[in-house]
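Descriptive analysis of the structure
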Amino acid sequence: MKDQAPKIEFPCDYPIRIVGHSAPDYKDFVVRVVTNHAPDFDGQVKMKTSSNGKYMSATVVIHATGEPQLRGLFDEFKASGRIHMVL
């Protein structure tokens, strides 16, 4: 039997971690992209810098409304060329 990812019931609060190359405007960039897809996003971001300073991670929690919203958000981050991974 194949392992299947748990089904997400929308709407729900959905945490997202965005890891990218360190830059002075990284937090502002993350907030701008997240707000494009979740207009009710409260702007709270937990930031962490890697030990060597090369990468930054931002953790946000959005009120997710469905799979299309999440796909759009992930796709915009991927297309930016600034993001290493989105979890």
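Here, every reference points to the structure presented above.
Residues numbered from 1 in each chain as written. Predicted model: local features only at pLDDT ≥ 70, side-chain atom pairs only at ≥ 80, totals over all residues. Heavy atoms only, no water.

**Thoughts on the overall build of the protein**
For the protein, the count of helices and strands is two helices and four strands. Ordered by position from N to C terminus, the α and β elements of the protein give β-α-β-β-α-β. Dimensions along the principal axes, computed over C-alpha positions, put the protein at roughly 40 × 35 × 20 Å. Taking all 87 residues of the protein together, the buried fraction comes to 31%. (Helix = DSSP H or I, 4+ residues; strand = E, 2+ residues; numbered from the N terminus. Buried < 20%, exposed > 50% of the residue type's maximum accessible area, 1.4 Å probe, protein only.)

**Focus: the side chain of S57**
Of note, S57 is situated in strand 3 (residues 55-64). We classify S57 as buried; its relative accessible area is 12%. In this structure S57 touches R17, I18, V19, Y26, K46, M47 and K48, once residues within four positions along its chain are discounted. (Contact = heavy atoms within 4.5 Å.)

**Things to note about the packing of helix 1 (residues 26-37) against helix 2 (residues 67-80)**
Packing of helix 1 against helix 2 leaves a shortest axis separation of 9 Å and a crossing angle of 145°. The handedness of the crossing between helix 1 and helix 2 comes out as right-handed. From helix 1, F29, V30, V33, V34, N36 and H37 reach across to helix 2, where they touch Q69, G72, L73, E76, F77 and S80. Counted by class, the contact of helix 1 with helix 2 contains six nonpolar, five polar and one charged residues. (Axes fitted to C-alpha atoms, helices over the stretch in contact; angles between N-to-C directions. Left-handed = near helix turned anticlockwise from the far one by under 90°. Nonpolar A, V, L, I, M, F, W, Y, C, P; charged D, E, K, R; others polar.)

**Structural notes on the packing of aromatic side chains**
Here the distance between the centres and the angle between the planes together describe a pair of aromatic rings. If you walk through the whole model with that rule in mind, you get one aromatic pair. Seen in terms of ring centroids, F29 and F77 are 6.0 Å apart; in terms of plane orientation they differ by 70°. Their pairing is edge-to-face. Of the two residues, F29 sits in helix 1 while F77 sits in helix 2, which places them 48 residues apart along the sequence. Each member of the pair, F29 as well as F77, is classed as buried. Across the ring face of F29, the terminal group of R82 is positioned such that the distance to the ring centre comes to 4.5 Å. (Phe/Tyr/Trp six-rings, centres within 6.5 Å; stacked < 30°, edge-to-face > 60°. Lys NZ or Arg CZ within 6 Å of the ring centre and 35° of its normal.)

**Details of the sheet that holds strand 3**
The strand order 2-3-1-4 describes an open sheet built from four strands, whose pairing is antiparallel. Looking at which strands have only one partner, the edges of the open sheet turn out to be strand 2 (46-49) and strand 4 (83-86). Geometrically, the sheet is characterised by an average inter-axis angle of 20° between neighbouring strands, direction not taken into account. Bridge count between strand 2 and strand 3: four bridges; the pairing is antiparallel. Its bridge partner lying in strand 3, K46 is registered against T59. Here helix 1 sits on the sheet and contacts strand 1 (12-21), strand 2, strand 3 and strand 4; the angle it forms with strand 3, its principal contact strand, is near 25°. (Pairing = 2+ DSSP bridges.)

All we've got here are geometric facts, nothing functional implied.
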